[in-house]
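Structural overview
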Amino acid sequence: MPLTSLPSFLVAAKAATYAAEKPVTLEPTFSGSHEFRFTKGNLHYRDIYFGSLHFAGQEIVEDESRAIWSMVYLGGILQNGTAHNADNEDDNATEIYRFLKLALRKASPDAPYRGPASFEAGEYRYTNQFTGDITNFNGKETIYAGQLPVYRLHYSGGYLQ
């Protein structure tokens, strides 16, 4: 598969899975995980993550049955600038994750890793800073409520050979 078609495929896959308004989750491969899949032609996308308020996961793209691209991520809701204790419920988590999905649906083939460089709606502001290209990249996304960071995620990945 040429690298030129991978960015558009990633944007479509992400919009149809976790970022969808009504995502369809699958029976998880691993106990306690959440899993999404998307297929178009001979390309297959899989996103598996663990956790909720604070989480970790991996996205994989396969061409037929060979993995060709991957991204790993770790992040979640912040409390006082640090990772939220997953044992406590966060009243704003649903609202923050709803906003995150809006931002993720704004991704473009120019930078298909997460969302756009910036996005605002209501009281929330999303930023996405990254370096590299689709073959080798890393980045950080943050959501702010006013000036206060309320969510942060680090990610990295690239083409597999």
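Residues numbered from 1 in each chain as written. Predicted model: local features only at pLDDT ≥ 70, side-chain atom pairs only at ≥ 80, totals over all residues. Heavy atoms only, no water.

Of the pockets and cavities examined, the largest pocket occupies roughly 540 Å³. Lining the largest pocket are 29 residues, with Y18, Y49, Y97, L100 and K101 sitting closest to its centre. A total of eight residues in the lining of the largest pocket trace back to one element, the largest contributor, which is helix α2 (residues 93-104). Here the residues of the lining of the largest pocket sort into 16 nonpolar, five polar and eight charged. (1 Å grid on protein atoms, 1.4 Å probe; cavity = no way out; pocket = protein on both sides within 12 Å on 5 of 7 lines; lining within 4 Å. Points joined across faces, edges and corners; volume = space filled by probe spheres on them. Helix = DSSP H or I, 4+ residues; strand = E, 2+ residues; numbered from the N terminus. Nonpolar A, V, L, I, M, F, W, Y, C, P; charged D, E, K, R; others polar.)

Another point: the pattern of salt bridges. Enumeration over the complete set of coordinates arrives at four salt bridges. Linking K14 and E59 is a salt bridge whose minimum nitrogen-to-oxygen distance equals 2.7 Å. On the criterion of sequence distance, the pair formed by K14 in helix α1 (residues 6-16) and E59 in strand β3 (residues 54-63) is long-range, its members being 45 residues apart. You'll find K14 and E59 in the same group, each marked buried. A salt bridge links E141 to R114; its shortest N-O distance comes to 2.8 Å. One end of the pair, E141, is in strand β8 (residues 136-145); the other, R114, is in the loop between α2 and β6 (118-121), and 27 residues separate them in sequence. Note on E141: relative accessible area 0%, which makes it buried. Salt bridges linked by common partners bring E35, R37 and R46 together as one network. (Salt bridge = Lys/Arg side-chain N within 4 Å of Asp/Glu carboxyl O. Buried < 20%, exposed > 50% of the residue type's maximum accessible area, 1.4 Å probe, protein only.)

The biggest cluster of nonpolar side chains holds 38 residues, and the ones touching the most others in it are W69 and I143. At seven residues, α2 tops the list of elements feeding residues into this core. Aside from chain neighbours lying at most four places away, what touches W69 is L6, L10, E59, I60, V61, I134, F137, G158, Y159 and L160. (Core = buried A, V, L, I, M, F, W, Y, C linked by side-chain atoms within 4.5 Å. Contact = heavy atoms within 4.5 Å.)

Under the 1.5 Å per step criterion, the end-to-end length of α2 is 16 Å for 12 residues, consistent within 8% with the ideal 16 Å. When we look at burial in α2, the residues that qualify are A93, I96, Y97, F99, L100, K101, A103 and L104. (Expected span 1.5 Å × (residues − 1).)

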